[in-house]
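Residues per chain are reported as follows:
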Amino acid sequence: MDYFNYQQDGQLWAEEVALTELAEQYGTPLYVYSRATLERHWHAFDHAVADQPHLICYAVKANSNLGVLNVLARLGSGFDIVSQGELERVIAAGGDPAKVVFSGVGKTSAEMKRALELGIKCFNVESESELARLNRVAGELGVVAPISLRINPDVDAKTHPYISTGLRENKFGIAFDRAPVVYRLAHSLPNLKVTGMDCHIGSQLTDIDPFIDATDRLLALIDELHSEGIIIEHLDVGGGLGVTYNEEQPPLPSEYARALLDRLKNHQQLELIFEPGRAIAANAGVLLTRVEYLKHTEHKNFAIIDAAMNDLIRPTLYQAWQDIVPVIPREGEPSEYDFVGPICETGDYLGKERLLCLAEGDLLAVRSAGAYGFVMSSNYNTRARAAEIMVDGDTAHVVREREPLAQLWQSESLLP
Ligand code: LLP
């Protein structure tokens, strides 16, 4: 559920703010987020596991705007990060480093050092080489690094191949069969402390079974290690819970949590960590865009809009379907349109073969754009990135200004 709804005036609103007003004031393309929706989604996870020790570590990569991070930090959220950049954002947004878990296959020594200095909760280590490096960096600083091993449980998440991460052939994690050996190694290294176990099998999962299969495998491993005196204090099940873009019916956080807690009956002391990104942010944002031109050809109708693949690349990159709706619906006969941007690529589209009744100048909302939207945007074709707005009740806050054009080349130089 989200707080983008058509109100009695027939227009689409974000909470108590009309989207038309935001477009007038701040221009398009424009990302608009809803604070109430972000908070609702975060609480859905937090409440669902209230009876188990737990921490919700929002996956910063999904939407790393400081305003978004700040809203979640105020709820007491933890954060899942994959770079020093994301760590610095969390700090700048008022997040608590003691609630940060650090994922990713390629952590540099400098990143490890900074995270150790700030005292993060855990490093989710993805290889034996990384373990050795972390042990060295922690030793140089004279501290002990808390670690979890990311286990690759080899389960099929049944999602798009680009966002499936828990299969043997993926680059992520440590092979399930090798895990005991690597845990023993970690346990023996002087500057590391084994505290957890983690996995992340993929994104936009719409079925609970792969999550449960992975959890079962990890719990068996936790028990095996326990018998050797290696105590796992937290189980981090990653992110990946899907959302409804079209007709998908992903499980609710409460349903997912119920299935997990059922498996954790014999592990009531185990702290459960979630790393949700999309499930918190996707439906908490829309991308507002205006129809510049309508172009009717013999074969197709094109709605040429002012947002493009540089603003939202998911349709182009993953053939992802995102709903495109009019902010003020028109009466009349709908026509079939491809929604394309101004970028010089055939792949520049946000939606294809959609039935809508349109006129030039109409304002549209691309829904479910709060996750992997702005964060994946680029300056391709020297287009300035969109502004971002956070709506909170009847108030709109600019949480990122539209990029001034000159800023795009300010770090470049002419030859002497
Ligand atoms: N934890 C780890 C270690 C991850 O790699 C990811 C996402 C998450 C958590 C959060 O997953 P989520 O709850 O958002 O599914 N750009 C793609 C999604 C890439 C996801 C990468 N990893 C898209 O737009 O669909």
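Note that the structure is a prediction, hence the values are computed from the model and not measured.

## Regarding helix H5 (residues 109-118)
Of the positions making up H5, those classed as buried are Glu111, Met112, Ala115 and Leu116. One side of H5 holds all its buried residues, which, seen down the axis, span an arc of 130 degrees. Those residues of H5 that are exposed and angled more than 90 degrees off the buried face are Ser109, Ala110 and Glu117. In this fold, the buried residues of H5 make contact with helix H4 (84-92), strand S7 (100-102), helix H6 (128-141) and strand S9 (145-152). The positive-phi residue at the C-terminal boundary of H5 is Gly119, with phi of around 75 degrees.

## Thoughts on the UniProt feature "active site" (unreviewed entry) in the protein chain
Under the present numbering, the feature "active site" (unreviewed entry) in UniProt falls on Cys344. Within the secondary structure, Cys344 sits in the loop between strand S17 (335-340) and strand S18 (349-356). Exposure remark for Cys344: the 9 C-beta atoms within 10 Å place this residue in the exposed category.

## Considering the pairing of strand S21 (residues 395-400)
In the sheet, strand S20 (residues 387-392) pairs with S21 via five bridges, with the strands oriented antiparallel. In the strand pairing of S21, Asp392 is matched with Thr395. Taking the residues between adjacent antiparallel strands as the criterion, S20 and S21 are bridged by two residues, where Gly393 takes a positive phi near 65 degrees.

## Side note on the nonpolar core
It is characteristic of soluble globular proteins that their nonpolar side chains tend to be buried jointly. Ranked by size, the top nonpolar core spans 116 residues in total, and within it Leu19, Val32, Leu134, Ile147, Leu288 and Val366 carry the most contacts. Taken together, domain 1 (4-33 + 282-409) and domain 2 (104-274) each give at least three residues to this core, which thus spans both.

## Brief notes about the environment of Leu87
With respect to the helices and strands, Leu87 occurs in helix H4. Assessed through the 22 C-beta atoms surrounding it within 10 Å, Leu87 is described here as buried. Along the primary structure Leu87 and Phe102 are separated by 15 residues, whereas in three dimensions their C-alpha atoms are 8.5 Å apart.

## Remarks on the UniProt feature "binding site: substrate" (unreviewed entry) in the protein chain
When the UniProt feature table is mapped onto this chain numbering, "binding site: substrate" (unreviewed entry) sits at Arg278, Arg314, Tyr318, Glu345 and Tyr372. These annotated residues cover 95 residues of sequence, and their C-alpha atoms sit far apart, with the largest distance between any two at 27.4 Å. Relative to the helices and strands, Arg314 resides in helix H11 (residues 314-318). For Arg314, a count of 21 C-beta atoms within 10 Å corresponds to the buried category.

## Section: the sheet that holds strand S1 (residues 4-6)
If you trace the three strands from one edge of the open sheet to the other, you get S1-S2-S3, paired in antiparallel fashion. Where the open sheet ends on each side, the last strands, each with one partner, are S1 and strand S3 (17-18). Where S1 meets strand S2 (residues 12-14), three bridges bridge the pair, whose relative direction is antiparallel. Residue pairing across strands places Tyr6 opposite Leu12, the latter belonging to S2.

Definitions and limits used
- Residues numbered from 1 in each chain as written.
- Predicted model: local features only at pLDDT ≥ 70, side-chain atom pairs only at ≥ 80, totals over all residues.
- Buried ≥ 20, exposed ≤ 12 C-beta atoms within 10 Å, placed from the backbone.
- Helix = DSSP H or I, 4+ residues; strand = E, 2+ residues; numbered from the N terminus.
- Arc of directions from axis to C-beta.
- Contact = placed C-beta atoms within 7 Å.
- UniProt positions renumbered as here; feature names shortened; annotations may be inferred.
- Pairing = 2+ DSSP bridges.
- Core = buried A, V, L, I, M, F, W, Y, C linked by C-beta atoms within 7 Å.
- Domains from an automatic or database assignment.

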